[in-house]
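# Structure assessment
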Amino acid sequence: MTTLGLIGLGRIGAFHTETLSGLPELDRLVITDERTELVRQVADKYGATPVDSVAALLDSGIDGVVVAAATPAHAELTLAAVQRGLPTFCEKPVASTAAESARVAAAIAASGVPVQIGYQRRFDAAFAAAKAVVDSGSLGHLHTVRSTTMDPAPPPLDYIKGSGGIFRDCAVHDFDALRWITGQEAVEVYATGSVQGDPLFTEYGDVDTAAVIVRFDGGALGVVSNARYNGRGYDCRLEVHGFNDTVVAGWDQGVPVGNADPVNDFPTGTPHHFFMDRFTEAFRTELSGFVQVVKGGPILGATVADAVEVAWIAEAAAESLRRGTPVRIEEVRQ
């Protein structure tokens, strides 16, 4: 019998509730959120057990915890679960800043409790296949890796206000994919961006469109494109270029692009609407893997150490945007 507790029933938390409730290896799911009426509604819909507080959830006899609350609460909730000795799955990021992420990581490492971080692209079939090709060496020396994340529309501006900005909220998925795919560490970041949509992005010190160049210690260059406005659909693609060959992920029939070639009709499918439909299977595989972690298995996804390195890249990108110059990772690392 395996029982998980889930904290937070916002956009991703409600989605995780649906995913977890469908996992045959999970026997029971306990859920909580500050909005008690929402907890009851979601519990009724998915057959979960509702409780009225985080303390009640931690005391409910669960075997592990999924933290899906708002970003500012990630560190506190994850540490609370770890202090109970409960294996924990925390949605990215670990904490609001890289420095805080590093402090949380140190506490987790000292505890010995396994904590997995939610970077679901590692579990996508196409991304995993691209990683396998890279690891085989058949591409030769990697020179460029391009990662794209473009949302069809911005999330609510209240969410943006507390998200930490486009680099810490959105581009971290690209940064994680770049580190994972290349097996290299970032040494320098140059970021630029603009606000072409809602002016509130400017008031929050954020941008709605960004481009980032990441230089890695093995010589590879990462090229990241992010946007909050991409009306055709959710665009998430990866291109890995080596001296010998190239592989891509995300170029499926649902990729939200219009092909201008008059003799080629690819893609012909319905464009991906959002990350939840694009990565439905990846999320399921990721959370199923976490259930195995709870049962004593290894973490096959992103670790807290991985998440801290990604956080430093995001920190450097934010500082580069502010300065208008490249920023070395060692300049921001504390």
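Predicted, not measured: the structure shown is a model, and the values here were computed from it.

Across its full length, the protein chain carries 14 helices and 14 strands. By the compact-globule yardstick of 20 Å for 334 residues, the protein chain fits well, its C-alpha radius of gyration being 20 Å. C-alpha extents for the protein chain along the principal axes are approximately 55 × 50 × 45 Å. Considering the protein chain as a whole, with its 334 residues, one finds that 53% of them fall into the buried category. Summarising the internal contacts of the protein chain: among those between residues at least 6 apart in sequence, 71% fall at separations of at least 24. Between the averaged position of the 26 positive side-chain charges in the protein chain and that of its 42 negative side-chain charges there is a distance of 2 Å.

Once that is clear, we can look at the sheet that holds strand S14 (residues 327-328). A sheet is described by the order of its strands in space; here 7 strands give the open sequence S12-S11-S7-S10-S9-S8-S14, paired in mixed fashion. Two strands lie at the open edges of the sheet, namely strand S12 (246-249) and S14, each paired on one side alone. Two elements, strand S7 (residues 142-150) and strand S11 (residues 235-242), share 8 bridges in a ladder whose sense is antiparallel. Paired with Thr149 across the two strands is Cys236, which belongs to S11. Set on the sheet, helix H9 (residues 171-182) makes contact with S7, strand S9 (209-216), strand S10 (221-227) and S11; between it and S7 the angle comes to about 155°.

Attention shifts here to the sheet that holds strand S5 (residues 88-91). In spatial order, the strands read S3-S2-S1-S4-S5-S6-S13; together these 7 strands make up an open sheet with mixed pairing. Looking along the sheet, the strands with just one partner apiece sit at the ends: strand S3 (49-50) and strand S13 (302-303).

So, about the environment of Lys161. Topologically, Lys161 is positioned in helix H7 (residues 157-163). For the pair Lys161 and Asp206, spaced 45 residues apart in sequence, the C-alpha to C-alpha distance is 8.7 Å.

So, on to the pattern of salt bridges. By the definition in use, this model includes 23 salt bridges. For Arg228, the salt bridge goes to Asp151, with nearest N and O atoms at 3.3 Å. In this pair, Arg228 is assigned in the loop between S10 and S11 and Asp151 in the loop between S7 and H7, connecting sequence segments 77 residues apart. Overall, Arg228 belongs to the buried group, its relative accessible area being 2%. By relative accessible area, Asp151 is classed as buried at 8%. Across the pair Glu319 and Arg322 runs a salt bridge whose closest N-O atoms are separated by 2.5 Å. Of this pair, Glu319 and Arg322 are both found in helix H13 (residues 304-323), 3 residues apart, which corresponds to roughly one turn of the helix. Taking relative accessible area as the criterion, Arg322 reaches 63% and is therefore assigned exposed. Here the residues in one salt-bridge network are Arg122, Asp176, Arg179, Glu185 and Asp306, joined through shared partners.

This paragraph deals with the packing of helix H6 (residues 125-136) against H9. Between H6 and H9, whose axes approach to 9 Å, the crossing angle comes to 35°. Contacts between H6 and H9 involve Phe127, Ala128, Ala130, Lys131 and Val134 on the former and, on the latter, Ala177, Trp180 and Ile181. Along the lines of polarity and charge, the residues of the contact of H6 with H9 split into 7 nonpolar, no polar and 1 charged.

Among the 5 residues in strand S1 (residues 3-7), 5 count as buried, and that is most of the element. Judged by which residues are buried, S1 turns out to be covered on both faces: Thr3, Gly5 and Ile7 on one side and Leu4 and Leu6 on the other are all buried. In this sheet, strand S2 (residues 28-32) lies alongside S1 in parallel orientation, the contact comprising 5 bridges. From the neighbouring strand, Leu6 faces S2, where its bridge partner is Ile31. For the handedness criterion, the β-α-β arrangement of S1, helix H1 (residues 11-21) and S2 is classed as right-handed. Pairing of S1 with strand S4 (residues 64-67) involves 4 bridges; the strand directions are parallel. Counterpart to Gly5 in the pairing with S4 is Val65.

Another point: the UniProt feature "domain: GFO/IDH/MocA-like oxidoreductase" (unreviewed entry) in the protein chain. In the numbering used here, UniProt assigns the feature "domain: GFO/IDH/MocA-like oxidoreductase" (unreviewed entry) to residues 127-244. As annotated, residues 127-244 comprises 31% helix and 35% strand, and the C-alpha atoms at either end are separated by 19 Å.

The rules behind these values
Residues numbered from 1 in each chain as written. Predicted model: local features only at pLDDT ≥ 70, side-chain atom pairs only at ≥ 80, totals over all residues. Heavy atoms only, no water. Helix = DSSP H or I, 4+ residues; strand = E, 2+ residues; numbered from the N terminus. Rg over C-alpha atoms; globule rule 2.2 N^0.38 Å. Buried < 20%, exposed > 50% of the residue type's maximum accessible area, 1.4 Å probe, protein only. Contact = heavy atoms within 4.5 Å. Lys, Arg positive; Asp, Glu negative; His and termini not counted. Charge placed at Lys NZ, Arg CZ, Asp CG, Glu CD. Pairing = 2+ DSSP bridges. Axes fitted to C-alpha atoms, helices over the stretch in contact; angles between N-to-C directions. Salt bridge = Lys/Arg side-chain N within 4 Å of Asp/Glu carboxyl O. Nonpolar A, V, L, I, M, F, W, Y, C, P; charged D, E, K, R; others polar. Right-handed = clockwise from strand over helix to strand, strands pointing away. UniProt positions renumbered as here; feature names shortened; annotations may be inferred.

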